[in-house]
Every structure is written in structure tokens, then in C-alpha cells.
There are 2 protein chains.
Amino acid sequence: MVNSIVEKIVNGDVRVVAKLIRDIDDGAPGTREILKALYRHTGNAYIIGITGAPGVGKSTLVDQMIQGLRMDGKTVGVLAVDPTSPLSGGAILGDRVRMQRHSLDEGVFIRSLATRGQFGGLTQSTRSVIDVLDAMGKDYIIVETVGVGQDEIDIAKSAHTTVIVVVPGMGDNIQAIKAGIFEVGDIFVINKSDRPDALNTMNDLKAMIDITRRRFKKEGWEPSILMAEAAINKGIVELLNEIEMHRKNRKTLSRETIIRHKKAIARNELTDMIKIRLVEEVLNHITNSLEFKKHLDCIVDGTKDPYSACDELLSAKLNLE
Amino acid sequence: MVNSIVEKIVNGDVRVVAKLIRDIDDGAPGTREILKALYRHTGNAYIIGITGAPGVGKSTLVDQMIQGLRMDGKTVGVLAVDPTSPLSGGAILGDRVRMQRHSLDEGVFIRSLATRGQFGGLTQSTRSVIDVLDAMGKDYIIVETVGVGQDEIDIAKSAHTTVIVVVPGMGDNIQAIKAGIFEVGDIFVINKSDRPDALNTMNDLKAMIDITRRRFKKEGWEPSILMAEAAINKGIVELLNEIEMHRKNRKTLSRETIIRHKKAIARNELTDMIKIRLVEEVLNHITNSLEFKKHLDCIVDGTKDPYSACDELLSAKLNLE
């Protein structure tokens, strides 16, 4: 059963992929076993994160990037985890219609995630869907996020290249992006660069990047800043070239550095996954146990304080020697 | 050491209480043992939650309530967990100065919490500080929250009487209050009731209360709606009387109902406490273990998928049979 699903996904069966993504989004049981079996087919796609505040034109940029990658013969998976994205059903009709031009192209697979679970549930679903798009054989996976929460920063950390999009004349716009996201940005795009103040924005960005770089030095890559007007397809070729440069640059890193990067990503992902399981499954298990009910009775009749009850329940349920 | 601290707190030593509250807020080690020992001295204070959007005049209302309770000879502890409250350092000078009138009164102890930890850390700190104010012997504890997040709803659930404050002419204001908070409201106060639209607001409130009541029936108490102008001390006596009515009403409930209520509160508190420990301590324990490092290496060299690594780590560390 699991094997036949995995085989269909690896062969690019769009209906099976779509169902699995829906199941991941819904937290349906059984998806975990499929993801385990699917995992050995992952690791081939190049993952690009696109992040920025609502209204900076991320979707238009993604739309043009798809076009550019397709002209180059590459297949593309797109995952929108931005609630303001037309892909996620949150934007104006014009954007949505424009995106439709890729809907009949078999080399493009576009999906969005609806869930906004607590405690990094979104991050977890996103990573699982990336695994699915990777296993189905897409050359590039573009993940569009809105870049305001910790979830988005965590997602950006999992991308091979992270592109931060801003627009001119919005100092606030840059401020609105969480400081943490600057640390993970590899390429910065000033979209709608025909607007006044584009150069000031470039200077603001440079200053901001300098500040964050001092705290967090990425080896062998100086973040670049590009100008673009995605609506008229200006700057897209340059962006795709820069992404390619970053990709090649990664290959020049020493084996130790690459392994250290991989390990950092894996550590983040595994830690997040354990955290979610603790809060969802382990917590439920404890609160549904007979011991929990007994301790509760003791608290209510005043023979036990909740702090001790908590300690005792945890030490009974955990092997933390 | 713990015993002497507990004794000082029970005897109302303000300096020791202030230090413990700071330690709780900072998450300092050792506070937990003090809280355990302190717990048997709690359960005597009457806890009033005051919740509402920023700008509705909660702090002014609390200030007048303190005055009213003091005139009645009661001691009062106040805890502000609202970042916009003058008590928390977030409001205009006038409010702050007004509050100062209680600062020399030994029967009043006012503190605010600064922390906004993840995963209900604020809720946990708030409950611990309530325990401290309770143990130090305050008759009434007023907890001021801003009423917009799940944290605040959880805090409101721990109060004996929850007062929701709104102002007229702000349909949005009512909307801004999370629906969940209506379910826990015992008394609704329309502050600044000299403003136009106060009667419309009353009708809106009645409708909103009716809707939520259908989902969540509180036994033996019909939520009341009061008008007030806290700035000129109008409606405060009526509010304090209504709180007293609610308090007396609780005493008319059957023993079974009271125990059920107590149990519901204890269940919430214990569940939250376990959740925080899981995410903070248990997660750290697992990610710092040798097994975690081994699994990480396997993920990086491709011999294990992260889903299986997560399952194996959890089952090794947990007794969840």
C-alpha cells in the first residue's frame, strides 16, 4: 500500500501527489508512514525560498521565475505558505488569472498550504510537502512565505537559496521583516524598482545586512542586492542567474562546511519535529492517563500542589536519566 | 532556605515577594521549589480578571476598584499582564501618576509582568505570581490582561470572576475581543458610557453573549452588563457589588458543581504546566542527548529519514505504553 503510493509519487502521478499534500495539510493519519518511505527519494531538488511582506509582489516574481526556469527546460514545484498569496487563495483576481497560465503545463506543480497549526505545525507541513515535491522529481521547488513569523524564518532556513523581496520607499517595510530573516537571506530583491527611493532602499538594505552579518557570518557568500520589476519581467533573468551563482558557490565550499550546513538544517528540522510531537501526542497521552486524573483529584482536594504533580507526572512518563 | 522565604512571604515581606516575582518573570532557577512550598498557603484570595482591548480604560477602572476595596477594608494585589497598561510601563504619564496614589498604601501591592514567553510561558508566570500574592495574604487579586490572545483567555479561566471591559461606539472593539473570551466573561462593563452609542453597544453585547452562551452554559449565573465612567468613579460601587453578587452566587452552587469548576481550572493549569515543561526541558534534554547526535549523523549521511529518527528518539525517551 505504502510502496505503491510511493512508486506513483516518484513517477509523478499528480493525483496521488495532490491527495498526499491534502492529507499532510489535514494532518491525516498514515501520511507519516508514506513520508518515511518517500524520504530516500528526496534530496535532488533545489529549494528556493521567497520571502517578504504582503504587497511586495512575491507572487508576480514567482510567476516570472517559473516562466524563466521552464524556458530553461527545468521542472518546477511551487508551494505557497503565504496567506496573502494568490496561490493560497488570498489575493486579487488579476494575480490569480496570471498564475493560471502555468496550470496546463505538466512541468509545473503549484500547491498552497491552508493550515496554521500551533507550535510550528505549519513549518512541519511545509517541510513534508517540500519532500513530496522533491520526491516527485521537480528540479526546483519555490517556497513562498510572508516572512513575518518564526515559522517563516524556520522555513527559510531549510531552503538552499533564500530570496528576500522588498519594495522601495518603505522603511517600515524593511522593519516589518523580522530581523532574524535578514540573517538567512542570500539574495535581496528590490521589486517595483521604478518607484522613487529605490536607491535609498538599497542603502538601507546594505546597512541592515551589514549589521546582521556581523552577528551571523555565512561562509563564502556575500549577500547580493538586485533591482527588479517583476510585473514587466525585468530583473528576472538576473535573479535566476544570481540563484545559479549561489548554487555554484555552495559547491565550492569545503566538504566539512557542506556537512556542517546540512547538519544545521537537519538539527532544526528534527528539533521542530520532536517539539510538535511532544506538544501534540505526548501531552495528550499524559493528560489522558489515569495518573493525570489521580493527580488532578489531589490538587482539587488540596493534598498536592500542581508544581509537584507536574514533576511527578513527567518523571513517571519520561526516561530522562 | 525555602522555608524561611516562604515564612517571609506569608508574613507579607514586600521585598521578598518582589524578588520572587522578579525571579518568576526571569525564569530564575529555584523559584519552583519555593512555589511548591508556598502552594499550601494559597486558596484564600478572591481573584478578579479584568480584560479588554487597549484604550478601554482598564487601568483607570482597576485604580478605582482598588480605592473602593480599600475603603471597604480589603487588601488588594494587582498584577498587570497587559503591555499597554500603565502598570506594565506602557501607557501615558497621566495614568501612571494616578496609579501612584496607592504606592504608599501597605494594603495594596501592584506588580506587572514583562515576559512574553512562547508556549504559554506568560500564563504560567501569571498563575505563579497570583499564587504568591495569594500566599502573602491579599484579600483580592486583580489581574489585568489585554484580552486578545489565547494566553489571556487561559488566564481569565483561572479567575473567580472575569470582568470584560468595552467602550461604546466600537463594534470593532467587540469584534477585536476574541470570541473565546465572551465564554468566560461573568460581568461586562461598558466603560466611558457617556459616549454616544452606549445603548447600541449594550444591545450588541447582549446579542454576542446570547450566541456564546448557547455554546457554553455557565451554571447558575446570567452574565450582567453594567455601565461605568471609571474616570469620574461612576459605576464602580455597582461593579464591586456585582462582583460580590457573583461571589455569593458561586457559594450557592452545589458541592458537585464547585468541585467540577475547580477541577476544570486545575486541569487547564496542570495541562499548561506540563506543556511548557515538555517544550522547554524535555525538548532540551532530548536534543542534548548522545542519541540525538547519532540520529542526526544518520540523517546527514542519508541512512535514516527524520520521521523515523523522531519516532525512535521519542520512544526511547518516553514511557508511553
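About the thresholds
- Residues numbered from 1 in each chain as written.
- Chains lettered and ligands numbered in written order.
- Predicted model: local features only at pLDDT ≥ 70, side-chain atom pairs only at ≥ 80, totals over all residues.
- Helix = DSSP H or I, 4+ residues; strand = E, 2+ residues; numbered from the N terminus.
- Buried ≥ 20, exposed ≤ 12 C-beta atoms within 10 Å, placed from the backbone.
- Contact = placed C-beta atoms within 7 Å.
- Arc of directions from axis to C-beta.
- Pairing = 2+ DSSP bridges.
- Axes fitted to C-alpha atoms, helices over the stretch in contact; angles between N-to-C directions.
- Nonpolar A, V, L, I, M, F, W, Y, C, P; charged D, E, K, R; others polar.
- Parallel < 35°, antiparallel > 145°, perpendicular 65-115°, else oblique.
- Left-handed = near helix turned anticlockwise from the far one by under 90°.
- Least-squares fit on C-alpha atoms with pLDDT ≥ 70 in both.
- pLDDT = per-residue confidence, 0-100.

Attention shifts here to the overall build of chain A. In terms of regular secondary structure, chain A is built from 14 helices and 7 strands. Looking at chain A as a whole, 42% of its 321 residues qualify as buried. Once local pairs closer than 6 in sequence are excluded, the contacts in chain A between residues at least 24 apart make up 76%.

Another point: helix α1 (residues 2-10) of chain A. All names here are of chain A. Within the span of α1, buried status applies to I5, V6 and I9. Each buried residue of α1 sits inside an arc of 100 degrees when the element is viewed along its axis, so together they form one side. In this structure, α1 carries N3 and S4 as exposed residues pointing more than 90 degrees from its buried face. The elements touched by buried residues of α1 are α2 (14-26), α3 (31-38) and α6 (121-135).

A few words now on the sheet that holds strand β5 (residues 161-166) of chain A. All names here are of chain A. As summarised here, the arrangement of the 7 strands in space is β3-β2-β4-β1-β5-β6-β7, forming an open sheet in which the pairing is parallel. Whereas interior strands pair on both sides, the edge strands pair on one side only; in this sheet they are β3 (108-112) and β7 (224-227). In this sheet, neighbouring strand axes are inclined to one another by 20 degrees on average, regardless of whether the strands run parallel or antiparallel.

If you look at the interface, chain B gives 41 residues, while chain A gives 40 residues. Counting residues per element, the ones that place at least two in the side of chain B that touches chain A are α3 (31-38), α12 (255-287), α13 (290-300) and α14 (306-317) of chain B. Ranked by the residues each element gives to the side of chain B that touches chain A, the list is headed by α12(B), at 19 residues. Of the residues in the side of chain B that touches chain A, the class split is 24 nonpolar, 6 polar and 11 charged.

This part takes up the packing of helix α13 (residues 290-300) of chain A against α12(B). With their axes 9 Å apart at the nearest point, α13(A) and α12(B) run at an angle of 120 degrees to one another. Of the possible angle classes, the one that applies to α13(A) and α12(B) is oblique. For the pair α13(A) and α12(B), the crossing hand works out as right-handed. Two secondary-structure elements touch here, α13(A) through L296(A), I299(A) and V300(A) and α12(B) through I259(B), K262(B), K263(B), A266(B), R267(B) and L270(B). Tallied by class, residues from the contact of α13(A) with α12(B) come to 6 nonpolar, no polar and 3 charged.

Bringing the relation of the copies chain B and chain A into the picture now. Mapping chain B onto chain A calls for a rotation angle of 179 degrees and an axial translation of 0.1 Å; the resulting RMSD is 0.1 Å. Both copies of the chain, as the preceding transformation shows, are related through a two-fold rotation axis. Residue L318(B) of chain B places its C-alpha closer to the rotation axis than any other residue of that unit, at 2.2 Å. Taken together, the interface assignments show that 98% of the residues at the interface of chain B recur at the interface of chain A, consistent with an identical surface on both copies.

Turning to the environment of V237(B), a few remarks are in order. Residues and elements named next belong to chain B. Here V237 is to be found in helix α11 (residues 236-252). With 14 C-beta atoms counted inside 10 Å, the residue V237 sits in the partly exposed group. In the structure, V237 is positioned 27 residues away from A264 in sequence and 31 Å away in space, judged by C-alpha atoms.

It is at 10 Å that the axes of helix α14 (residues 306-317) of chain A and α12(B) come closest, and there the two elements cross at 50 degrees. It follows from the interaxial angle that α14(A) and α12(B) lie oblique. Taken as a pair, α14(A) and α12(B) cross one another with a handedness that is right-handed. Counted together, P306(A), A309(A), C310(A), L313(A) and L314(A) of α14(A) and A266(B), E269(B), L270(B), M273(B), I274(B) and R277(B) of α12(B) form the full contact between these two elements. A class-by-class count of the residues in the contact of α14(A) with α12(B) yields 9 nonpolar, no polar and 2 charged.

Moving on to the sheet that holds strand β5 (residues 161-166) of chain B. Residues and elements named next belong to chain B. Here we have 7 strands laid out as an open sheet, ordered β3-β2-β4-β1-β5-β6-β7, and parallel in their pairing. Edge positions in the sheet fall to β3 (108-112) and β7 (224-227), since each has one partner strand and no second. Taking the axes of each pair of neighbouring strands and ignoring which way they run, one obtains an average angle of 20 degrees across the sheet. The pairing of β5 with strand β6 (residues 187-190) spans 4 bridges and is classified as parallel. Pairing of V166 across the sheet is with I190, part of β6. Each of β1 (46-51), β2 (76-80), β3, β4 (140-145), β5 and β6 touches helix α4 (residues 58-71); the most contacted strand, β4, lies at about 175 degrees to it.

In this model, chain A carries a mean pLDDT of 85, and residues with pLDDT of at least 70 account for 85%. If you check the scores for this complex, the pTM reads 0.74 and the ipTM reads 0.82.

Below, the discussion takes up the pairing of β5(A). Burial runs high along β5(A): 6 of the 6 residues are buried. In β5(A), alternate side chains face the same way, and those of T161(A), V163(A) and V165(A) on one face and T162(A), I164(A) and V166(A) on the other are all buried.

What α3(A) keeps buried is the set T31(A), I34(A), L35(A) and L38(A). Each buried residue of α3(A) sits inside an arc of 100 degrees when the element is viewed along its axis, so together they form one side. Those residues of α3(A) that are buried are in contact with α1, α2 and α6 of chain A together with α14 of chain B.

Next up on the list: the pairing of strand β4 (residues 140-145) of chain A. Residues and elements named next belong to chain A. Within β4, 6 of the 6 residues are buried, which leaves the element mostly enclosed by the surrounding structure. Side-chain alternation along β4 places Y140, I142 and E144 on one buried face and I141, V143 and T145 on a second face that is also buried. The pairing of strand β1 (residues 46-51) with β4 spans 6 bridges and is classified as parallel. Paired with G49 across the strands is V143, a residue of β4.

Now for the environment of N3(B). All names here are of chain B. Summarising the element assignment, N3 is placed in helix α1 (residues 2-10). The class of N3 is exposed, set by 9 C-beta atoms lying within 10 Å. In sequence terms N3 and I155 are 152 residues apart; their C-alpha atoms lie 28 Å from each other.

Residue and element names in this part refer to chain B. Backbone geometry at K192 places phi at a positive 55 degrees, although glycine is not the residue there. Checked against the element boundaries, K192 lands in the loop between β6 and α10 (198-215). For K192, a count of 22 C-beta atoms within 10 Å gives the class buried. Its identity as a non-glycine residue notwithstanding, N233 has a phi of 65 degrees, on the positive side. Mapping N233 onto the fold places it in the loop between β7 and α11. In this structure N233 comes out as partly exposed when scored by C-beta crowding, with 14 C-beta atoms within 10 Å.

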